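The primary structure of each chain is shown beneath.
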Amino acid sequence: HEKSVGSCEVVKASIIGGTVNQKQEKSKGPTSPSGGKQQPRPSEIPAADKPEFIDYLTGGCQISLAVAIDFTASNGDPRQEGTPHYFHPPASKEWNDYEKAIFAVGSILAKYDSDQRFPVWGFGAKYNNVVRHCFQCGTDVEVEGVQ
């Protein structure tokens, strides 16, 4: 014998993002074996669409771009041509793989960063015979723009 210990009214719109007019009427729908109203199972309620990037922005989400560069030994010596960190001579106007990736992603995300100032961190570098697990790249805490 089932005994009711309470009740709950759920507005379907609050679950799937519709309007309040979608509220289920108490008199409609299948009944349970005990004669009461049978509530829909969660699997029977359609899932809301996944939000897209623009939905987060229009909803007030703010983006703050931060960059971290892997300096671990597995990337090779940055003075050796062909390694991911190799700095090409300025006259060549070539970029290494890290510079290309940072610019490609950073130039898109930077458009949504309000102050256009970005912290740049490094990890895994060894200098003065000590491995640095997290350090600031450059003399300033943040750099201005993606260049």
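*Asks:* Explain the packing of aromatic side chains residue by residue, including any values.
*Replies:* Within this structure, the stated rule accounts for four aromatic pairs. Summarising the aromatic geometry, the rings of Phe53 and Tyr112 are spaced 5.2 Å apart at their centres and angled 85° between planes, so their arrangement reads as edge-to-face. Of the two residues, Phe53 is situated in helix H2 (residues 53-58) and Tyr112 in the loop between helix H3 (97-109) and strand S2 (117-123); the sequence distance between them amounts to 59 residues. Measuring from centroid to centroid gives 6.2 Å for Tyr127 and Phe135, while their planes differ by 85°, and the two rings are edge-to-face. Residue Tyr127 is classed as partly exposed on the basis of its relative accessible area, which comes to 39%. What links up through ring pairs into an aromatic cluster is the set Phe71, Tyr127 and Phe135. Stacked on the ring of Tyr127, the Lys or Arg Arg132 has its end atom at 4.5 Å from the ring centre.

*Asks:* An account of the environment of Ser92 is requested, with residue identities and associated values reported.
*Replies:* Counting through the fold element by element, Ser92 comes out in the loop between strand S1 (67-70) and H3. A distance of 2.8 Å separates the side chain of Ser92 from the backbone oxygen of Pro89, its partner in a polar contact.

*Asks:* Give a detailed account of the nonpolar core, specifying residues and quantitative values.
*Replies:* Leu65, Val67, Ile69, Ala110, Phe118, Val120, Ala125, Phe135 and Cys137 form the largest nonpolar core, which has nine residues in total. Within the residue set of this core, elements represented by two or more residues are S1 and S2. Those residues in contact with Val120 that sit more than four places away from it in its chain are Val67, Ile69, Phe135, Gln136, Cys137, Val141 and Val143.

*Asks:* Which residues make up the pattern of salt bridges, and what are the values?
*Replies:* A side chain of one charge can pair with a side chain of the opposite charge if their charged atoms are brought near each other. By the definition in use, this model includes three salt bridges. The residue Arg117 makes a salt bridge to Glu142 at a minimum N-O spacing of 3.6 Å. With a gap of 25 residues between them, Arg117 in strand S2 and Glu142 in strand S6 (residues 142-144) connect regions that are remote in the sequence. Of the charged contacts, one joins Glu144 and Arg117 as a salt bridge, the two residues approaching to 3.4 Å between their closest N and O atoms. Here Arg117 lies in strand S2 and Glu144 lies in strand S6, a separation of 27 residues in the sequence. Glu144 sits in the exposed class, given a relative accessible area of 55%. What you see here is one network of salt bridges that share partners, running through Arg117, Glu142 and Glu144.

*Asks:* Explain the confidence of the model for the chain to me, and be specific about the residues and the numbers.
*Replies:* Considering every residue of the chain, the mean pLDDT works out to 77; 67% of them sit at 70 or more. Across the chain, element-level confidence peaks in strand S5 (residues 135-136) with a mean pLDDT of 94 and bottoms out in helix H1 (residues 12-16) with 55. Confidence over residues 20-29 falls short of pLDDT 50; this stretch has 14 contacts with residues more than four positions distant or in other chains.

*Asks:* Please give an account of the environment of Cys61 that cites residues and values.
*Replies:* Along the chain, Cys61 falls in the loop between H2 and S1. Note on Cys61: relative accessible area 40%, which makes it partly exposed. Taking C-alpha positions, Cys61 is 9.7 Å from Tyr112, a pair spaced 51 residues apart along the chain.

*Asks:* Can you tell me about unusual backbone geometry, naming the residues and giving the values?
*Replies:* The backbone of Asn128 sits at a positive phi, close to 55°, despite the residue not being glycine. Structurally, Asn128 is set in the loop between strand S3 (125-127) and strand S4 (130-132). The backbone phi angle of Asn129 is positive, close to 65°, even though this residue is not glycine. Tracing the backbone shows Asn129 in the loop between S3 and S4.

Conventions adopted
Residues numbered from 1 in each chain as written. Predicted model: local features only at pLDDT ≥ 70, side-chain atom pairs only at ≥ 80, totals over all residues. Heavy atoms only, no water. Phe/Tyr/Trp six-rings, centres within 6.5 Å; stacked < 30°, edge-to-face > 60°. Helix = DSSP H or I, 4+ residues; strand = E, 2+ residues; numbered from the N terminus. Buried < 20%, exposed > 50% of the residue type's maximum accessible area, 1.4 Å probe, protein only. Lys NZ or Arg CZ within 6 Å of the ring centre and 35° of its normal. Polar contact = N/O pair within 3.5 Å; in protein donor to acceptor, adjacent residues only side chain to side chain. Core = buried A, V, L, I, M, F, W, Y, C linked by side-chain atoms within 4.5 Å. Contact = heavy atoms within 4.5 Å. Salt bridge = Lys/Arg side-chain N within 4 Å of Asp/Glu carboxyl O. pLDDT = per-residue confidence, 0-100.

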